[in-house]
Structure formats: structure tokens, C-alpha cells
Amino acid sequence: MSDSRLHEIMAQVSMIHKTLLEDEKIDDLDYVTQYLDAYESDIKEHYLTLLLQYYFQKNDIKNFKELLLLGFKFDLRMNDIKEAFLNIKTNEENVIEFLEDNVVFFKDTNYEEPLFAIYEYYQKANEDLKVALEESLELIRRNRYVCAFAYKNRDQEFAKFFINEDLLKSLSRDLPYLLK
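Below or above, wherever it landed, is the structure these notes cover. (Residues numbered from 1 in each chain as written. Predicted model: local features only at pLDDT ≥ 70, side-chain atom pairs only at ≥ 80, totals over all residues. Heavy atoms only, no water.)

Right, let's talk about the nonpolar core for a bit. If you look at the biggest cluster of nonpolar residues, it comprises 62 residues, and the most contacted ones within it are L51, F56, I140 and F162. Per element, the largest residue contribution to this core is 8 residues, and it comes from helix α3 (residues 41-57). When we break this core down by domain, the ones giving at least three residues each are domain 1 (1-74) and domain 2 (77-179). Look past the residues within four positions of F162 in its chain and what remains in contact with it is L115, I118, Y119, L137, I140, R141, V146, C147 and A150. (Core = buried A, V, L, I, M, F, W, Y, C linked by side-chain atoms within 4.5 Å. Buried < 20%, exposed > 50% of the residue type's maximum accessible area, 1.4 Å probe, protein only. Helix = DSSP H or I, 4+ residues; strand = E, 2+ residues; numbered from the N terminus. Domains from an automatic or database assignment. Contact = heavy atoms within 4.5 Å.)

Another point: the side chain of R141. Here R141 shows up in helix α9 (residues 127-141). Among the polar contacts made by the side chain of R141, one reaches the side chain of E138 at a distance of 2.6 Å. For R141, the contacting residues outside a window of four places in its chain are E134, C147, F161, F162, N164 and L167. (Polar contact = N/O pair within 3.5 Å; in protein donor to acceptor, adjacent residues only side chain to side chain.)

What describes a pair of aromatic rings is the distance from one ring centre to the other and the angle between the planes of the rings. The final tally for this structure, using the stated rule, is 14 aromatic pairs. Aromatic side chains F64 and F74 sit 6.4 Å apart centroid to centroid with 85° between the ring planes, which places their arrangement in the edge-to-face category. One end of the pair, F64, is in helix α4 (residues 61-69); the other, F74, is in the loop between α4 and α5 (78-86), with 10 residues separating them in the sequence. For F64, a relative accessible area of 1% puts it in the buried group. Residues Y122 and F161 carry aromatic rings whose centres are separated by 5.3 Å and whose planes lie at 45° to one another, so their mutual orientation is tilted. (Phe/Tyr/Trp six-rings, centres within 6.5 Å; stacked < 30°, edge-to-face > 60°.)

Worth remembering: the numbers are spatial, not functional.
Below, the structure is given as C-alpha cells:
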């Protein structure tokens, strides 16, 4: 794909997203897919991939599952998990719990800001919301890279919050280089 085509796709995707947000149609996946029929297939594919990420970040489990069933995927990042976590408002199934293994095993380079935001959101939550957040929080704590980051930054209160002692013992025994 040429650079000019990529720029064209990016511009089209941006305009599609802006239009769907302004028209408040972004949460109607049937409407979105019909709307996209007017565009070339590469633009449609790029947009639906980004829309999958958008639905994950918004914790829109229904639309997220529908796009997954259509075969779309995206590379999960810590910032995506943070945004999804900040959008958990009830004890209903959420996208973090749905992608359990992906959350436990993903690797990223940006942990500090997202973990701090998750920590603050949890600390400010009322007791009912804390209960709703607990399972997702445990999945994040089971990630070896999150645990290693938390261990290396344990002088910060928010980082200590993410240390999983059992996982830490396992890492120090089996993957000590992660803790250096």
C-alpha cells in the first residue's frame, strides 16, 4: 500500500468516525455497517478494526462481541485496558473479563499512566463499584508485565497496589530478568 493511499484511508476513517459520533449512530453497529457499504473495502476494514478498539475502550460488550464474530481484531495495549476499566459502571460482564487471557498475557511498554489512572478510579469508587471492578482488577494483577512493573516501582503507592505476591514469587524463580 502506498503512503498516499494510507493517508487517504486515514483521512476517510477519521471523517467516518467524526460523522458517526456527531450523528450519535456509532453505537448502532447495524447502521454503521450499512453506512460503510458506500466505502471501499480497505477503508471499511480499517474503520471496523478501529471501531473494535473503540468499543473495547468504551466497554461496549455487545458491539465488541459482534465485531469479533465478524473476524476483526486489534492489538491490545495498556491504554485500551485503562479506558475500558474506567468505563466499567456495573457488575455486568465487561470487555476486560471477556478477553481474560488477552489481558493476562499482553505486553506493552506504557504502564505508569494507565495503572495510576486505574488505581485512582478504584480508590475513588464507591463500595458497589469496587465490587464490580474487582474481577477485572485481578486479571490486570495476573499479568506478569504489570506485576514486574509494579515490583520495580514499589516505592509508589499506586504500583504497590498491583503487586501480585504469588506471581511475584513465580517471576523471581522462573523469569528473574523481568524484575531487574
